[in-house]
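# Chains, contacts and geometry: an overview
The residues making up each chain are set out below.
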Amino acid sequence: HDPPDGLPAQLDEVKAVVGSRQIDILLVSVGINDIGFANILQGFLLAGESASTIRDYGGTNDFSNHEPWRQRLAVVAASQTGDWTQVLRANPDSQCNTCPQPTGLNSLRGGYVQLGRELRSRFPGQISDVYVLGYPDPTTKRVGNSVAQCQEILNDMIGGARTGTLGHIITTIFGSPAPDLEIGRREQRDLINLILEPLNANIKGGAEDNGWSFVLP
């Protein structure tokens with residue numbers, strides 16, 4: 001993608017900093033924005049809400065009239081193809097309007113192949129090892145020595161001030177004031193099984209295509 005707001009491309013910045021020096025380890029994290037992270041979060045938060053709330057906060061008429069399970073599947077399909085026109089309409093209050101448009105999961109692995117070609121062209125023989133980072137499960141938390149499902153992963157924003165990273169994301173997506181929304185258990189399940197796991201599988205495949213190492217934090 002071209003960077004938003006005229007910012008220099010990341011590879012140009014790396015080249016400017018590194019020059020001809022050797023890169024011992026290059027960490028790569030690419031994927032979540034390509035499948036539309038902000039759109040996915042918006043769609044899953046709106047799924048199951050009233051039709052008027054969905055339309056008020058960026059959902060299309062068709063999306064607002066679906067059953068919740070169909071709404072979630074529509075979000076998953078859009079994350080795969082990059083076509084969000086059946087789910088969300090442009091939000092004039094959103095601060096994400098200058099962000100690059102998501103291309104979808106279906107083209108992600110090919111994007112990694114293209115990235116590999118670009119790195120080899122720009123840094124011939126300069127990169128010793130490349131580690132590609134996957135994405136951890138954001139819907140769980142560690143309790144002692146075990147992992148438990150978060151009941152409300154956006155609990156810090158429900159009925160209170162939108163603070164911290166998640167608060168900033170929600171305000172960026174919906175504008176201000178943002179609605180009181182949460183992700184339930186079914187949405188958590190679909191987020192992991194239908195979004196996160198396929199995303200990490202494609203990232204791992206893209207890393208292997210280039211002979212890189214995949215790391216899941």
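What comes next is a walk through the structure.

Procedures and definitions
Residues numbered from 1 in each chain as written. Predicted model: local features only at pLDDT ≥ 70, side-chain atom pairs only at ≥ 80, totals over all residues. Heavy atoms only, no water. Helix = DSSP H or I, 4+ residues; strand = E, 2+ residues; numbered from the N terminus. Buried < 20%, exposed > 50% of the residue type's maximum accessible area, 1.4 Å probe, protein only. Contact = heavy atoms within 4.5 Å. Areas by Shrake-Rupley, 256 points an atom, 1.4 Å probe, with all protein chains shown as cover. Core = buried A, V, L, I, M, F, W, Y, C linked by side-chain atoms within 4.5 Å. Pairing = 2+ DSSP bridges. Axes fitted to C-alpha atoms, helices over the stretch in contact; angles between N-to-C directions. Parallel < 35°, antiparallel > 145°, perpendicular 65-115°, else oblique. Left-handed = near helix turned anticlockwise from the far one by under 90°. Nonpolar A, V, L, I, M, F, W, Y, C, P; charged D, E, K, R; others polar. Salt bridge = Lys/Arg side-chain N within 4 Å of Asp/Glu carboxyl O.

### Focus on the overall build of the protein
The helix and strand tally for the protein stands at eight helices and five strands. Helices and strands in the protein line up, N terminus first, as α-β-α-α-α-α-α-β-β-β-α-α-β. Taking all 217 residues of the protein together, 36% fall into the buried category. Long-range contacts, defined here as pairs at least 24 residues apart, represent 74% of the contacts in the protein between residues at least 6 apart. Counting every atom, the protein has about 12000 Å² of accessible surface; 50% of that belongs to carbon and sulfur.

### Examining the nonpolar core
Counting 33 residues, the largest nonpolar core has I40, Y112, V132 and W212 as its most contacted members. When residues of this core are traced back to their parent elements, those giving at least two are β1 (23-28), α2 (37-46), α5 (68-81), α6 (108-122), β2 (127-133) and α8 (185-209). Among the elements that take part in this core, α8 stands out by supplying seven residues, more than any other. Apart from residues no more than four positions distant in its own chain, I40 is found in contact with I35, V75, S79, W84, L191 and I195.

### With respect to the environment of L115
Turning to its location among the elements, L115 is positioned in helix α6. Sequence spacing of L115 and N210 is 95 residues, and the spatial spacing of their C-alpha atoms is 9.1 Å. The residues touching L115, leaving out its near neighbours within four places in the chain, are L11, V28, V30 and W212.

### Focus on the pairing of β2
Direction of pairing for β1 relative to β2: parallel, over a ladder of five bridges. The partner of I23 across the bridge, within β2, is I127. Two strands pair when backbone bridges link them, and β2 and strand β5 (residues 213-215) are joined in this way by three bridges, in the parallel orientation. The residue of β5 that forms the bridge with L133 is V215.

### Notes on the packing of helix α1 (residues 10-18) against α6
α6 packs onto α1 with a crossing angle of 25 degrees between their chain directions and a minimal axis gap of 12 Å. Classified by the angle between their axes, α1 and α6 sit roughly parallel to one another. The crossing of α1 and α6 is right-handed. Where α1 approaches α6, its residues L11, D12 and K15 are matched on the opposing element by L115, E118, L119 and R122. Here the contact of α1 with α6 is built from residues that sort into three nonpolar, no polar and four charged.

### Section: the packing of α6 against α8
Two quantities define a packed helix pair, namely the angle between the helix axes and the distance between the axes. Between α6 and α8, whose axes approach to 8 Å, the crossing angle comes to 30 degrees. Put simply, α6 runs roughly parallel to α8. For α6 against α8, the interelement crossing comes out right-handed. Contact residues: L108, R109, Y112 and V113 in α6; L199, N202, I203, G205, G206 and D209 in α8. Grouping the constituent residues of the contact of α6 with α8 by class yields five nonpolar, three polar and two charged.

### Points about the sheet that holds β1
In spatial order, the strands read β1-β2-β5; together these three strands make up an open sheet with parallel pairing. Two strands bound the open sheet, and with one partner strand each, they are β1 and β5. With direction set aside, neighbouring strand axes in the sheet form an average angle of 25 degrees. Relative to the sheet, α8 contacts β2 and β5, its axis offset from that of β5 by approximately 155 degrees.

### Quick notes on the pattern of salt bridges
Two side chains of opposite charge can pair, provided their charged atoms sit close to one another. Taken as a whole and assessed by the stated rule, the structure comprises six salt bridges. Close ionic contact of D190 with R189 constitutes a salt bridge, the shortest N to O distance being 3.2 Å.

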